[in-house]
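# Analysis of the macromolecular model
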Amino acid sequence: MSKIIEKYAELPKLFRKPLWQWWHKKMNKYDSGNIANFMNYGFEYLNGDVRIQLKEQDETDRYCIQLYDHVVNKVDLKGKDVLEVGAGRGGGASYITRYYEPKSYIGMDITQSSIDFCNKHYKDVDGLTFTCGNAEKLPFDDSLFDFVVNVESARCYNDQVAFFNEVFRVLKPDGKLLLADMIYPAEMDNFRSIINQSGFNITQETNISQNVVSALEKDSERRENLIDTKIPKFMRKSFKTFAGTLGTSRYNNFATGIFQYLSFVLEKQKK
Ligand SMILES: C[S@@+](CC[C@H](N)C(=O)[O-])C[C@H]1O[C@@H](n2cnc3c(N)ncnc32)[C@H](O)[C@@H]1O
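So, a few notes on the structure that sits alongside this text. (Residues numbered from 1 in each chain as written. Predicted model: local features only at pLDDT ≥ 70, side-chain atom pairs only at ≥ 80, totals over all residues.)

Taken together, 23 residues surround the ligand, and among them Asn40, Gly86, Gly88, Ala135 and Ser153 come closest. Contributing elements (two or more residues each) for the shell around the ligand: helix H2 (13–30) and helix H4 (91–100). (Near = placed C-beta within 6 Å. Helix = DSSP H or I, 4+ residues; strand = E, 2+ residues; numbered from the N terminus.)

Once that is clear, we can look at the environment of Thr111. Relative to the elements of secondary structure, Thr111 occurs in the loop between strand S2 (104–109) and helix H5 (112–121). Remark: the alpha-carbon pair of Thr111 and Gly88, spanning 23 residues in sequence, is separated by 7.8 Å.

The subject of this paragraph is the packing of helix H3 (residues 62–72) against H4. Close contact between H3 and H4 brings their axes to 10 Å; oriented N to C, the two are set at 60°. As summarised for this structure, H3 and H4 are arranged oblique, according to the angle between their axes. As H3 runs across H4, the sense of the crossing is right-handed. Together, Cys64, Ile65, Tyr68 and Val72 of H3 and Gly91, Gly92, Tyr95, Ile96 and Tyr100 of H4 make up the contact between the two elements. Across the contact of H3 with H4, the residue classes break down as seven nonpolar, two polar and no charged. (Axes fitted to C-alpha atoms, helices over the stretch in contact; angles between N-to-C directions. Parallel < 35°, antiparallel > 145°, perpendicular 65-115°, else oblique. Left-handed = near helix turned anticlockwise from the far one by under 90°. Contact = placed C-beta atoms within 7 Å. Nonpolar A, V, L, I, M, F, W, Y, C, P; charged D, E, K, R; others polar.)

Our focus in this paragraph is the sheet that holds strand S7 (residues 260–268). In spatial order, the strands read S3-S2-S1-S4-S5-S7-S6; together these seven strands make up an open sheet with mixed pairing. Edge positions in the sheet fall to strand S3 (128–132) and strand S6 (200–207), since each of these pairs with one other strand and no more. When strand polarity is set aside, the average angle formed by the axes of neighbouring strands in this sheet is 20°. Lying over the sheet, H5 contacts S2 and S3, oriented at roughly 160° with respect to S3. Strand contacts of helix H6 (residues 160–170): strand S1 (81–85), strand S4 (145–151), strand S5 (171–183), S6 and S7, with the helix running at about 150° to S5, the strand carrying the most contacts. (Pairing = 2+ DSSP bridges.)

Take a look at the structure:
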């Protein structure tokens, strides 16, 4: 099972979506409490860069929050309309809404059980709502959002061209897509070319692989403990692979550079 989890993005397209939804249903079943609010590999500052200040309640999720912060801190979100595609269990949506004060923030995900989790756990955050929808066919009118946020999700999509076209459509004329994801080096040229063909300018591209490896190293114990307490024994190895804990193939692939992690700021060009 852990091999399938490691390689899900290489599975035939037909199998990816059901596998993904089954996996997230399991996760939402095993952790119905408010514990795992994130599903990304995290980000740690390097070379003595100053860490962001967090409220005590957010310290547990520091590394996952730092990834979100890295993705959005290059723009001014205050008073803006923001859509997040692939919001997962809503931790990033909640962090950005509370700390960056957009006018509105919609967290969207294809997994209904994750949306149910979010609606239950973040109902007190002003300006934040959640809805179920597919990244490849966004359930929104044209030109609605100033920013679209996308963290560690685009890699799962069957049709990335459709995703970028859809984001282009729902962004306002000067809107931006703020995206971070993992990628094999051999796929990078194709990924950049899809971005350009959809009408986006790459205004910033940063390789954050070392930041992600450092975060995984520092967060590994917390992730292991969480999995050991929440997940039945027979599923733990698969969950640890998915979580990238030390010694798993996912962690090793990041540490040896087989998998890279990139972040982008993409600006909508006038077509
Ligand atoms: C690795 S998780 C990341 C979640 C969240 N961004 C985070 O950092 O915690 C990827 C998310 O993308 C969602 N996803 C996968 N395919 C999708 C699609 N076609 N449309 C919308 N969401 C999708 C999954 O349900 C999952 O919640």
